[in-house]
Amino acid sequence: MDLSQILFQAQKEARELKNIQQWEDLYRKYLGKKGKLSDALVALKDLTVEERKKQGQAINHFKQELTQLLAKTQDQLRGSLKAGQRFFDVSSPAVKIPQGHGHPIMEIRRQMEEIFGSLGFSVIEGQEVTSEYYNFDALNIPGDHPARDAMDTFWLGQNNQRSESMLLRTHTSAMQVPYMECHQPPFKIIIPGMVYRYEATDASHDYQFYQLEGLMIDRDISIANFKGVIDVVFQRIFNRQIKTRLRPGFFPFTEPSFEIDLSCVKCQGKGCTLCKQTGWLEIMGAGMVHPNVLRSAKLDHSGWQGFAFGMGLGRIAMIKWGIDDIRLFFSGDLRFLKQF
Ligand code: DAH
């Protein structure tokens, strides 16, 4: 039996394989129980000792070549299998499918929405492009107000009618008045979203960043309600006992205004490098909605009042995960993002 002839034939047939069924037929024909290899082994018994030795070696070689050939063609076929064709080789190692995951800022946003949602707040989406009126004037920040300097603006074209000039919102507070114009209190909402500032960047400033605005309007809303809400929110976000403290602050759209601090999540208030030995971390601005803002929304005359607050989600993610540069969030650097 000329094994090299048979091998030659097998190679020819292997080149013409079109699918895995044909491959299985080929396998059976050559390596199967009644295949060419086993024929050759059976035929050994009719040979002399001398011949058997020689043929034995030839069979080994034949088997090796065939096995390799079939393994190779199987791989090739598997690579070109089309959708709908199924082939399972239970012994082959599983291919790990790369899986994406949420951006760290989106993870904080999701948690915030869940926590505020459980407290009865609705999540509102606002537009990133808005007018000078909603971003500034309606919030009690007239044209010559110094607060405008702190929020250098990306203008999208000036309009003669100044307050109609369009811009990229510099804060999510810009969504307050549009919302109040078309919703009757009482309501409690949060507005997460990207904001933009035309300014030089450093480790704690980027020209785009994520904020979360809160607004609650009702008849008898007090600062105590506000503190009750944020105490719950921060305990759940950081998953530990947290104290909050209100310091006097200034924002044109609230009166009185506060800066809110958290007891340091790292040292629990003892003093460390994260809190610069103060025991406290600045986390957001807040206050009772200014009557002029309610006036912009025509809600000033029916006894409505409430609180508002605004925080940067990047700052919270930085504290939570010990990140020291805010610019990493939107740098698109996969080495950073893959850590979450
Ligand atoms: N808009 C402010 C900022 O971007 C944050 C802020 C402070 C929002 C006080 C509020 C507030 O709603 O009451 O810096």
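Residues numbered from 1 in each chain as written. Predicted model: local features only at pLDDT ≥ 70, side-chain atom pairs only at ≥ 80, totals over all residues. Heavy atoms only, no water.

- As recorded in an unreviewed UniProt entry, the chain goes by the name Phenylalanine--tRNA ligase alpha subunit.
- Per UniProt, the chain carries the Subcellular location (unreviewed entry) text "Cytoplasm".
- Recorded under Subunit (unreviewed entry), the UniProt text for the chain is reproduced unchanged: "Tetramer of two alpha and two beta subunits." (UniProt positions renumbered as here; feature names shortened; annotations may be inferred.)

## A word on the site of the ligand
Part 1 of the reasoning: The local shell around the ligand holds 16 residues, among which H171, S173, R197, Q211 and E213 are the closest.
Part 2 of the reasoning: Note that an oxygen atom of the ligand is positioned 3.3 Å from one of the backbone N or O atoms of F309.
Part 3 of the reasoning: Coverage of the ligand by the protein amounts to 91% of the 360 Å² it exposes when considered alone.
Part 4 of the reasoning: Listing elements by their share of the shell around the ligand, those giving two or more residues are β5 (208-218), β8 (280-289) and β9 (305-312).
Part 5 of the reasoning: Taken together, the residues of the shell around the ligand sort by class into 6 nonpolar, 8 polar and 2 charged. (Near = heavy atom within 4 Å. Polar contact = N/O pair within 3.5 Å; in protein donor to acceptor, adjacent residues only side chain to side chain. Areas by Shrake-Rupley, 256 points an atom, 1.4 Å probe, with all protein chains shown as cover. Helix = DSSP H or I, 4+ residues; strand = E, 2+ residues; numbered from the N terminus. Nonpolar A, V, L, I, M, F, W, Y, C, P; charged D, E, K, R; others polar.)

## Details of the sheet that holds β9
Part 1 of the reasoning: The strand order across the open sheet formed by 7 strands is β1-β4-β5-β9-β8-β7-β6, and the pairing between neighbours is mixed. Each of the sheet's edge strands pairs with one partner strand only, and the pair in question is β1 (122-123) and β6 (244-249).
Part 2 of the reasoning: Note: β1 against strand β4 (residues 187-196), 2 bridges, orientation parallel. Across the sheet, the residue bridging to S122 is I189, located in β4. (Pairing = 2+ DSSP bridges.)

## Side note on the nonpolar core
Part 1 of the reasoning: Grouped together as the largest cluster of nonpolar side chains are 48 residues, with contacts concentrated most on M112, F116, F234, F309, M311 and I316.
Part 2 of the reasoning: The element contributing the most residues to this core is helix α8 (residues 223-238), with 7 residues.
Part 3 of the reasoning: In this structure, F116 is in contact with F121, I190, L212, V229, V233, F309 and M311, ignoring residues within four places of it in sequence.
Part 4 of the reasoning: Among the nonpolar cores identified, the runner-up in size contains 25 residues, and Y179, M180, F187 and L294 belong to it. (Core = buried A, V, L, I, M, F, W, Y, C linked by side-chain atoms within 4.5 Å. Buried < 20%, exposed > 50% of the residue type's maximum accessible area, 1.4 Å probe, protein only. Contact = heavy atoms within 4.5 Å.)

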